[in-house]
Amino acid sequence: MATGRTHRPATRSRGIPEATVARLPLYLRALTALSERSVPTVSSEELAAAAGVNSAKLRKDFSYLGSYGTRGVGYDVEYLVYQISRELGLTQDWPIVMVGIGNLGAALANYGGFASRGFRVAALIDADPAMVGKPVAGIPVQYIDDLEKIVDENGVSIGVIATPAGAAQQVCDRLVAAGVTSILNFAPTVLSVPDGVDVRKVDLSIELQILAFHEQRKAGEEAGGEAVLPPVVRGAAGTPAEERKGPDGDMPAVMPA
C-alpha cells in the first residue's frame, strides 16, 4: 500500500480554490452517509442541504472536479465518493504521528474515524518518560527523543501536535526538520513554519468565544436591539482588566467581549 510521503497521487487539485478544497470533506461526509443508506443518486439541492451550503456553490465546486451531474437524475453517489476521495488523497494510506499524549492527545488517539478516512496512526509520542510503553488505543507511547527516527521509519508526512503551548513550536520544528510537511495543531498557539509546510489549527476556545459573541448579539436583540456588554472588571490599581497583560505577556487577563 502506498504511504503518504513516498507515493503522492497525480492530482488536479492545484487548480481547485482553497475554499472549494475546504468544502470537499463536507460533501464527502454527506455522500458517505447517503452511500451507507444505499442511495444511488442525489440532486444538487439535496446534497447541498446535507452539506450545509447552497446548491449554486456546490455545482461550481463540482465543476472543478469535472463532475456536472445528469439533468433530471442528479449525481451518482458512489462515483462522487470515489472522485472526492481521490482528489483529497484518501485512496491511499496516510501514516500520521501524534505528539503529546495527555488528555486531549489520548482522546484523539482513541478516535475511530482516522482509519475509516485513510489515516493510520503510526506512532504516539510523548515527553514524559512515565508514559513510554503505555498503550493508548492499543498503541504503545514512544519517547520524544526518538521522534526523527519514528518519522523516517514510517514515512510520515503528517504530524498532529497536542502538546502544551510552550512546547508546540519546538515539536513543530523537529517534525519539519524530520520531513513532515503537514501539521494539524491542537496546541493553543500559532506555529511558525517554512514555505512548503501546511498547518491547520484547531482551537476549541476560539470557536467557543465566537459562539459567545453570537449569543451576546442575540441577547442584545432580544433586549431591544442594544448589545449587552459585560461590566468592566478592574484590577487592584483600577486599571481595566482588558488592558492588563496575561501571564504570557501578550494576552489580556480577561478577553474583551
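Participant: Summarise the sheet that holds strand β9 (residues 198-201); cite the residues concerned and give the values.
Facilitator: Overall, mixed pairing links the 7 strands, which are arranged β5-β6-β4-β3-β7-β8-β9 in an open sheet. Two strands in the sheet have a free side with no partner beyond their single neighbour: β5 (135-136) and β9. Pairing of strand β3 (residues 94-99) with strand β4 (residues 119-126), which is carried by 6 bridges, proceeds in the parallel orientation. Bridged to methionine 98 within β4 is leucine 124. Contacts from helix α8 (residues 165-178) reach β3, β7 (158-161) and β8 (182-185) within the one sheet, and its direction differs from that of β7 by about 170°.

Participant: Describe in detail the pattern of salt bridges, supporting the description with residues and values.
Facilitator: According to the stated counting rule, one finds 6 salt bridges in the structure shown. Between glutamate 148 and arginine 174 there is a salt bridge, and its shortest N-O distance comes to 2.8 Å. A residue pair is termed long-range when its members are at least 10 positions apart, and glutamate 148 in helix α7 (residues 147-154) and arginine 174 in helix α8 qualify at 26 residues. Among the residues examined, glutamate 148 registers a relative accessible area of 32% and is labelled partly exposed. Across the pair lysine 201 and aspartate 203 runs a salt bridge whose closest N-O atoms are separated by 3.6 Å.

Participant: Can you explain the confidence of the model for the protein? Please cite residues and give values.
Facilitator: When the pLDDT values of the protein are averaged, the result is 83; 81% of them are 70 or greater. Across residues 6-13 the pLDDT falls below 50, and counting only partners more than four positions away or on other chains, this stretch makes 13 contacts in the model. Note that residues 232-257 has pLDDT below 50 and, in this model, 29 contacts with residues that lie over four places away or in other chains.

Participant: Tell me about helix α3 (residues 55-64), and name the residues and values.
Facilitator: Among all positions of α3, only Ser55, Leu58, Asp61 and Phe62 are buried. One side of α3 carries all its buried residues, which in axial view fall inside an arc of 120°. Buried residues along α3 sit against α1 (18-36), α2 (44-51), β2 (75-76) and α4 (77-88). Measuring from the side-chain oxygen of the N-cap residue of α3 to the backbone nitrogen of alanine 56 gives 3.2 Å; that N-cap residue is asparagine 54. With its phi angle positive at about 80°, glycine 66 sits one or two positions after the end of α3.

Participant: Tell me what's going on with the pairing of β7, and back it up with residues and numbers.
Facilitator: Burial of the side chains of β7 extends over both faces: Ile158 and Val160 are buried on one face and Gly159 and Ile161 on the other. Bridge count between β3 and β7: 4 bridges; the pairing is parallel. Of the residues in β7, the one forming a bridge with methionine 98 is valine 160. Relative to β8, β7 runs parallel, the two sharing 4 bridges. Counterpart to glycine 159 in the pairing with β8 is isoleucine 183.

Participant: Summarise the packing of aromatic side chains; cite the residues concerned and give the values.
Facilitator: By the definition in use, this model includes 3 aromatic pairs. With a centroid separation of 5.1 Å and 85° between ring planes, the pair formed by phenylalanine 62 and tyrosine 75 is classed as edge-to-face. Of this pair, phenylalanine 62 sits in helix α3 while tyrosine 75 sits in strand β2, and the two are 13 residues apart along the sequence. Neither residue differs from the other here; phenylalanine 62 and tyrosine 75 are each classed as buried. Between tyrosine 111 and phenylalanine 114, the aromatic rings sit 5.2 Å apart at their centres with planes inclined by 85°, giving edge-to-face as the arrangement. Taken together, Tyr27, Phe62 and Tyr75 form an aromatic cluster joined through their ring pairs.

Participant: Summarise the side chain of glutamine 83; cite the residues concerned and give the values.
Facilitator: Secondary-structure assignment places glutamine 83 in helix α4. In this structure glutamine 83 comes out as buried when scored by relative accessible area, which is 1%. Excluding anything up to four places from it in sequence, glutamine 83 contacts Leu65, Gly66 and Ser67.

Cut-offs applied
Residues numbered from 1 in each chain as written. Predicted model: local features only at pLDDT ≥ 70, side-chain atom pairs only at ≥ 80, totals over all residues. Heavy atoms only, no water. Pairing = 2+ DSSP bridges. Helix = DSSP H or I, 4+ residues; strand = E, 2+ residues; numbered from the N terminus. Contact = heavy atoms within 4.5 Å. Axes fitted to C-alpha atoms, helices over the stretch in contact; angles between N-to-C directions. Salt bridge = Lys/Arg side-chain N within 4 Å of Asp/Glu carboxyl O. Buried < 20%, exposed > 50% of the residue type's maximum accessible area, 1.4 Å probe, protein only. pLDDT = per-residue confidence, 0-100. Arc of directions from axis to C-beta. Polar contact = N/O pair within 3.5 Å; in protein donor to acceptor, adjacent residues only side chain to side chain. Phe/Tyr/Trp six-rings, centres within 6.5 Å; stacked < 30°, edge-to-face > 60°.

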